[in-house]
Amino acid sequence: MSEEIKLMKGNEAIAHAAIRCGCDGYFGYPITPQSEIMETLMEEEPWKTTGMVVLQAESEVGAINMVYGGAGSGKKVMTSSSSPGISLKQEGISYIAGADLPCLIVNVMRGGPGLGTIQPSQADYFQAVKGGGHGDYQQIVLAPASVQEMADFTVLGFELAFKYLNPVMILADGIIGQMMEKVSLPLFQKRMTDEEIKEKYPWAAYGKPSHRKPNVISSLEIESVEMEKRNQRFQAKYRKIEENEVRFEELECQDAEYMLVAFGTSARVCQKTVELAREQGIKLGLIRPITLWPFPKNEIAKYTSQVKCFFSIEMNAGQMVEDVRLAVNGKTEVAYYGRMGGIVPSPDEVIEFVKTKMV
Amino acid sequence: MKEEIIIAGFGGQGVLSMGKILAYSGLMEGQEVSWMPSYGPEQRGGTANVTVILSDKRISSPILNTFDTAILLNQQSLDKFEKAVKPGGVLIFDGNGISKPPTRKDIDIYQIQATDKSIELNAHKSFNMIVLGGFLKLRPIVKMESVILGLKKSLPERHHHLIPVNENAIKAGMEIINKI
Amino acid sequence: MAKIKGAIVVNTERCKACNLCVVACPKDVIALSKEVNDKGYNFAYMQNEDACVGCAACAYVCPDACITVYKVKVEE
Amino acid sequence: MAIQNIIKPENLVYTKSKILTDIPMHYCPGCSHGVVNKLMAEVIEEMGIQEDVIGVAPVGCAVFIYKFLDIDFQQAAHGRAPAVATAIKRLMPNKYVFTYQGDGDLAAIGTAETIHACNRGENILIIYINNGIYGMTGGQMAPTTIDGMKTATCPYGRNNEVNGYPLNITNLLAILEGTCYVTRQSVHNAGSVRKTKQAILKGFKNSMLGKGTSVIEVVSTCNSGWKMTPEQANNWMVENMFPVYPMGDLKDL
């Protein structure tokens, strides 16, 4: 499925993967630490090869609404930003969710709140998995922990977005975006033609032939009774996603007495922590949620009788720990350790914290 | 084999690209590699550093607090990272502009007069390759052929004519590194 | 001599009795009726049929596209 | 001549466009929106472009325009229509794409999207209804509310010191490199309605010529918000709005 192995930044991997997987349009606005995504696209000039549109918008607000417009046309469209810019996009994301549209949104997180720091953080977990915008909606959230996953999840993100007609977010951080690792890029996939889109996505607003009713892309439904029905439909869709799309990775879990739960960069730190712990004879394991929504709650719950304490290791003030606690449901102890404001916890810190909970 | 390296200096010394060439060289040998720069305003004239890991196993954390080798190219970096070298590890520094040389006894400390050498060779831009040569002399974790391939991969085509200059710089570096 | 005769048909259920057609008519053909439609509006009608010349000014200004206009040339 | 003899298909002069649906428009009696919606339908029908046109609906009184025109639509967030239209047109360059926006949508919350879409010269048509008031939310001050005009949020009349000045955004748009056709029209009498229709026709045609953005401001009434009869509102508009927002083409390349 793949070609030559390359060395590139996570941000660059996203750009190359987007071009290769037949993305029709990228709309963005520069912000550190993810600007290489648009820079790479502009350098590659895919409009000359695949016909992909790349546009620097006037703002994040403009960009996400371009994504909304493109998605409503049945096109494969995406945007990317970092925390403060993602806040600005929330209005549009809510509209996209409310109109059953597919799209890919990349958030390469930095430390907040406010303008904060450009250093890596995971403080947008709540925003990504529990809303962000207004209304009862969910977006699928993929948390890459490597450059390879930045490329892979670009492809997967679009697949899931179109499978469920729902926004998908890649929730990465400055480290995953900025670091270089080996990556094998996906094979080239052709962009869909307008005719193929008409056939495959009959809901798209591409111009009304005389034989059908107008396609109206809208999240507006003024009648409460109808709006509730629409919400029930959304909820049914979300339950289906929860049933089918949970993704996670386990490391040294089989005999683990203590279990780390971490995603993205902090999961990489925790891999190292597990290595160190095992060297010291501590039976430590790691569950890495790959989908943050839907959250692998059953997969964590499975270990409640085996594990003496779960540790949610995060680059924030303790956000995912709430979901871990919900999954564990009081059956065993759940502790949180994290750093904030752009500081990444070190494996040594984590192992020292684990030891404080060991009996 | 696993080598965890920090390269630190000031913007313009070619710290990031040295790391990149090293990472590419590892890639050419089929190793697992990661290259994690300090990013942001630091790149624009201030201090810059990059963590490079080469390993024959999957790399866990791409950012580290301790290193097998620290290549420190100004006083600020020396102050910051001397203590981050693992006991028994290697510290390489360029003596140019260093007022407080490293003092640790539990590590191997090497000096490389790369600034002077680059002036002597009239090749300012090869400074970082001289340092790389010094490092590779001590820790031959990648073959010279792989470095040349790595250079080809990491340099844009229009700069490929500079590869022999870089190769010479690497060889020069190998000759001038001295244990303190 | 030829004379232009016109007529309008008002979609009385669409009409909202805004009166703009009454104002627009150069021949004072249209008025609002005493009767009301289902929504309760006193819809427009041709009060003075003979005067209509089918100029369609009423139809142009009608915000609800309620008015259909016909016109015929008649020899006297 | 008996009226039945005049009302015959062969004598038809004017009737509701087929592109206009049978759903009664929700606008207040006498509202200018109705006229402009109707003209959009007529132009789309006459150009035969139903299959190739995508409209972008705003937030405001025209939020439901997609119920009235029998064409594909996307409903945009408040002010964002030009961004939405930008992507649609860029991704489907052979389609006619228009936005339909009020003064709050286009000249307040969506100022950035409007100016930048125009400045990029997106090949879209922007229909801009300027009635100097927020109709949908109950008659609050708009960016285009003229000096002294009373609204729910400037109940003693717009005062420059408190509220700033009326924003003549169309003049601004006309000086941008990206616009090719910028005009200000109205629909208060038969003649002005005909002119506005011609402007819409030109705007649609422009969008296939790669010349840039076409902007048609329609200076309009909101008799409910202005608390007048439709007739009074038309007269008030001519007397008070036209001096601030004068009729005619500002740019036609």
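Residues numbered from 1 in each chain as written. Chains lettered and ligands numbered in written order. Predicted model: local features only at pLDDT ≥ 70, side-chain atom pairs only at ≥ 80, totals over all residues. Heavy atoms only, no water.

A. Looking closely at the overall build of chain C. What chain C contains, in helices and strands, is 2 helices and 4 strands. Secondary structure elements of chain C, listed N to C terminal, follow the sequence β-α-β-β-α-β. The C-alpha radius of gyration computed for chain C amounts to 12 Å, which stays within 12% of the reference 11 Å derived for 76 residues, consistent with globular compactness. Counting only C-alpha atoms, chain C reaches 45 × 20 × 20 Å along its principal axes. Looking at chain C residue by residue over its 76 residues, the buried ones come to 51%. Contacts in chain C between residues at least 24 apart in sequence constitute 62% of all its contacts with a sequence separation of at least 6. In the structure as shown, chain C presents an accessible area of about 3,700 Å², 49% of it carried by carbon and sulfur atoms. Across chain C, the mean location of the 9 positive side-chain charges is 6 Å away from that of the 9 negative side-chain charges. (Helix = DSSP H or I, 4+ residues; strand = E, 2+ residues; numbered from the N terminus. Rg over C-alpha atoms; globule rule 2.2 N^0.38 Å. Buried < 20%, exposed > 50% of the residue type's maximum accessible area, 1.4 Å probe, protein only. Contact = heavy atoms within 4.5 Å. Areas by Shrake-Rupley, 256 points an atom, 1.4 Å probe, with all protein chains shown as cover. Lys, Arg positive; Asp, Glu negative; His and termini not counted. Charge placed at Lys NZ, Arg CZ, Asp CG, Glu CD.)

B. Main features of the packing of helix H10 (residues 264-279) of chain A against helix H13 (residues 347-356) of chain A. Residue and element names in this part refer to chain A. Between H10 and H13, the shortest axis-to-axis distance is 8 Å and the interhelical angle comes to 60 degrees. Comparing their axes, H13 and H10 come out oblique. The interaxial crossing formed by H10 with H13 has right-handed handedness. Here Val269, Lys272, Thr273, Leu276 and Ala277 of H10 lie close against H13, whose contacting residues are Pro347, Asp348, Val350 and Ile351. Residue composition of the contact of H10 with H13, grouped by class: 6 nonpolar, 1 polar and 2 charged. (Axes fitted to C-alpha atoms, helices over the stretch in contact; angles between N-to-C directions. Parallel < 35°, antiparallel > 145°, perpendicular 65-115°, else oblique. Left-handed = near helix turned anticlockwise from the far one by under 90°. Nonpolar A, V, L, I, M, F, W, Y, C, P; charged D, E, K, R; others polar.)

C. Fine view of the interface of chain D and chain C. Across the boundary between the two partners, chain D contributes 35 residues, which contact 31 residues of chain C. Contact between chain D and chain C buries roughly 2,600 Å² in total, counting both sides, with carbon and sulfur atoms accounting for 68%. At the boundary of chain D with chain C, the tally comes to 0 salt bridges. One can count 11 residue pairs in polar contact (both at pLDDT 80 or more) joining chain D with chain C. Within the residue set of the side of chain D that touches chain C, elements represented by two or more residues are helix H1 (3-6), strand E1 (12-14), helix H2 (32-47), helix H9 (190-206) and helix H11 (230-244) of chain D. Taken together, the residues that form the side of chain D that touches chain C break down as 20 nonpolar, 9 polar and 6 charged. (Buried area = accessible area lost by both parts, 1.4 Å probe. Salt bridge = Lys/Arg side-chain N within 4 Å of Asp/Glu carboxyl O. Polar contact = N/O pair within 3.5 Å; in protein donor to acceptor, adjacent residues only side chain to side chain.)

D. Seen up close, the interface of chain D and chain A. Counting residues at the interface gives 34 residues for chain D, matched by 36 residues for chain A. In total, chain D and chain A occlude about 2,800 Å² of area from one another, counting both sides; carbon and sulfur atoms represent 60% of this. Contact with chain A buries area across many residues of chain D, yet Asp72(D), Gln74(D) and Leu91(D) alone supply 24% of it, more than any other trio. On inspection of chain D and its partner chain A, the count reaches 4 salt bridges. A salt bridge links Glu91(A) to Arg80(D); the shortest N-O distance between them is 3.0 Å. There are 13 residue pairs in polar contact (both at pLDDT 80 or more) connecting chain D and chain A.

E. Spatial organisation of the arrangement of the chains. No other pair among the 3 pairs of chains in contact exceeds the contact count of chains A and D. A gap remains between chain A and chain C, with no contact made and the closest C-alpha atoms lying 20 Å from each other. Separated throughout, chain B and chain C approach each other most closely at a C-alpha pair spaced 58 Å apart.

F. Representation of unusual backbone geometry within the structure. Cis geometry marks the peptide bond from Thr32(A) to Pro33(A); its omega dihedral reads 5 degrees. Here Gly112(A) and Pro113(A) are connected by a cis peptide whose omega angle stands at 0 degrees. When you line up the elements, Pro113(A) lands in the loop between strand E5 (103-109) and helix H5 (125-129). The residue Asp100(A) is not glycine, and still its phi comes out positive at about 55 degrees. By the element assignment, Asp100(A) lies in the loop between helix H4 (83-98) and E5. One non-glycine residue with positive phi stands out, namely Ala17(C), at about 60 degrees. Relative to the assigned elements, Ala17(C) resides in the loop between strand E1 (2-10) and helix H1 (20-24).

G. Seen up close, the sheet that holds strand E8 (residues 179-186) of chain D. Spatial ordering of the open sheet is given by E9(A)-E3(D)-E2(D)-E4(D)-E5(D)-E9(D)-E8(D)-E10(D), a layout of 8 strands whose pairing is mixed. Where the open sheet ends on each side, the last strands, each with one partner, are strand E9 (216-217) of chain A together with strand E10 (248-252) of chain D. Sheet analysis places strand E4 (residues 96-102) of chain D next to strand E5 (residues 125-130) of chain D, joined by 5 bridges and oriented parallel. From the neighbouring strand, Gln101(D) faces E5(D), where its bridge partner is Tyr128(D). Contacts from H9(D) reach strand E2 (53-57), E4, E5, E8, strand E9 (213-219) and E10 of chain D, with the element oriented near 160 degrees to E8(D). (Pairing = 2+ DSSP bridges.)

These figures capture arrangement, not role.
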